[in-house]
Structure formats: C-alpha cells, structure tokens
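Close look at the chain arrangement
Listed here are the chains, written in short residue letters.
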Amino acid sequence: MKRGKNMVDTEIIATTAVKERLALCDGLQSFINERDKEPLWDGHIYVFPKSNNKKENLIGRVPVQVKGKKRNVSNKTININYEIKIAALKKYLQDGGLIYFFVTFGESKEKAIFYKVLLPFDIQQILNRTGKKQNIYINMQRLPEDDDSIRHIFIKFIQDKKRQATQVVLSEEQMVAAIKNGGSLKFHVLP
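Thresholds, definitions, all that
Residues numbered from 1 in each chain as written. Predicted model: local features only at pLDDT ≥ 70, side-chain atom pairs only at ≥ 80, totals over all residues. Heavy atoms only, no water. Buried < 20%, exposed > 50% of the residue type's maximum accessible area, 1.4 Å probe, protein only. Helix = DSSP H or I, 4+ residues; strand = E, 2+ residues; numbered from the N terminus. Pairing = 2+ DSSP bridges. Salt bridge = Lys/Arg side-chain N within 4 Å of Asp/Glu carboxyl O. Contact = heavy atoms within 4.5 Å. Core = buried A, V, L, I, M, F, W, Y, C linked by side-chain atoms within 4.5 Å. Arc of directions from axis to C-beta. Axes fitted to C-alpha atoms, helices over the stretch in contact; angles between N-to-C directions.

Once that is clear, we can look at the pairing of strand β2 (residues 43-47). Most of β2 sits out of view: four of its five residues are buried. With five bridges joining them, strand β1 (residues 28-32) and β2 adopt antiparallel strand pairing. Paired with Phe31 across the two strands is His44, which belongs to β2. The pairing of β2 with strand β3 (residues 60-70) spans five bridges and is antiparallel. Bridge pairing in β3 links Tyr46 to Arg61.

This part takes up the pattern of salt bridges. Under the criterion given, the structure shown has three salt bridges. A salt bridge links Asp147 to Arg21, with the shortest nitrogen-to-oxygen separation between them at 2.8 Å. Taken together, the residues span a long stretch of sequence, with Asp147 in helix α4 (residues 147-165) and Arg21 in helix α1 (residues 10-23) at a distance of 126 residues. Taking the relative accessible area as the measure of exposure, Asp147 reaches 30% and is therefore partly exposed. Its relative accessible area of 16% is what places Arg21 among the buried residues. For the salt bridge of Asp160 with Arg163, the shortest nitrogen-to-oxygen distance reads 3.0 Å. Highlighted residues: Asp160 and Arg163, both in helix α4, separated by three residues, approximately one helical turn. A relative accessible area of 15% places Asp160 in the buried class. One connected set of salt bridges, linked through shared partners, spans Lys156, Asp160 and Arg163.

Attention shifts here to the environment of Phe157. Its place among the elements puts Phe157 in helix α4. Separated by 39 residues in the primary sequence, Phe157 and Leu118 have C-alpha atoms spaced 8.7 Å apart. If sequence neighbours within four positions are ignored, Phe157 has contacts with Val62, Pro63, Gly96, Gly97, Leu98, Ile99, Val117, Leu118 and Leu119.

The next thing to look at is the nonpolar core. Grouped together as the largest cluster of nonpolar side chains are 25 residues, with contacts concentrated most on Val18, Leu28, Ile99, Phe101 and Phe154. Counting residues per element, the ones that place at least two in this core are α1, β1, β2, β3, β5 (98-105), β6 (111-118) and α4. Per-element accounting of this core gives the leading share, six residues, to α4. If near-sequence neighbours (up to four positions away) are discounted, Leu28 is found in contact with Leu22, Ile45, Tyr46, Val47, Ile150, Arg151 and Phe154. Leu40, Tyr92, Ile126 and Ile136 belong to the second largest nonpolar core, which has 21 residues in total.

A few words on helix α2 (residues 86-95). Ile86, Ala88, Leu89 and Tyr92 are the residues of α2 that are buried. Looking straight down α2, one finds its buried side chains confined to an arc of 155°; they lie on one side. Among the exposed residues of α2, those pointing more than 90 degrees away from its buried face are Ala87 and Gln94. On its buried side, α2 packs onto β3, β4 (79-85), β5, β6, α3 (120-128) and β7 (135-142).

In space, the seven strands of this open sheet follow the order β1-β2-β3-β5-β6-β7-β4, with mixed pairing throughout. Edge positions in the sheet fall to β1 and β4, since each has one partner strand and no second. When strand polarity is set aside, the average angle formed by the axes of neighbouring strands in this sheet is 35°. Across the sheet, α2 is in contact with β3, β4, β5, β6 and β7; its angle to β4 comes to roughly 90°. Contacts from α3 reach β6 and β7, with the element oriented near 90° to β6.

Below, the structure is given as structure tokens:
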C-alpha cells in the first residue's frame, strides 16, 4: 500500500507504543511484529522473574494483538469500546486466549493504551451472547500507569490460562442433558 505524505501508519504507531511501554517493565520482553503477516496475532510477550530474563527462568509467553486508531481520548477516559470480529474471537478461543491492545492517538500525538484480557472463559461468555452477529464490541480498560500492575496482568494471564486449560465449558442445555442421562458434575474452586 502506498502512503501519501499525510498518511499515518497506525499499525507502527500502535505496536511501537505498546513495545515502548512494556520495555519499561522489569521481567517483560516483547516480540511484537510491525506489518506482520500473521493473520490474528501480532506477537508475544515473554514473562520472566523481575530481573532475571534468562530463558531457563521463563514463566510463560502471552500472545498479543495490537490495533490502533487516530482518535482523541481524554486523559480521564478509563474504558473504551472496541469492535472485534467474531471469527477472530473463535480462533483466539481455540488458541487459549490472548491480551488485546488498542492504542489511540490524537493530534497532539499523545497515546492512550487500552487492553482486554481474553481468556477462554471470557471469550466463551462473549460468544454466548453474540447470536448471528459478525462483530461485537468489547470493553477495554486503560493500561495501568505503574510497571508492577502491568507485569501482574501478564502473570495473572499465564496463571489463569493454565487453570482454564483443563476446564470443559458446557452450555446449560448440555449440562441438563448430561444429568438426565445419569451424569454428575463436580466443581472445584481454585484459589
């Protein structure tokens, strides 16, 4: 795609903003591609103990998607809605989830980074209410200011993804049918 003199490359602005912000957080290493050719993911964030980024100490890897748009957003804005394709959500569900970033920037070039943690349970809840829609809006929140809170988002994603990996999600109809056929359900509450 040719870009004119006044064209803005939102993808590079968005991915650069996320990479620069995460670079300030101890224990996070971003591998996010610009102008990537991968269909649904822009890269991964590798999570390590705070100041020990050796591969043998790797805690985990978090897939990410980054989108951007030229849009003026107030500094007081803490939540924003972003439209996402249902087909993409289904693929994210198959892969075990991701963290989705949306970067806004206005005339002043000041950037605001919003995010949404999309774990399998969260995605399934969204998909259950979509009906025949092709797209749905997800509510994203502004990325916290402090580095430890950001790092905690990634650590919690890894922990929760492991917990949810072994869970089976059944619809209400499937559970009722299973019980009618003599099945039973066991529930475990995880800390």
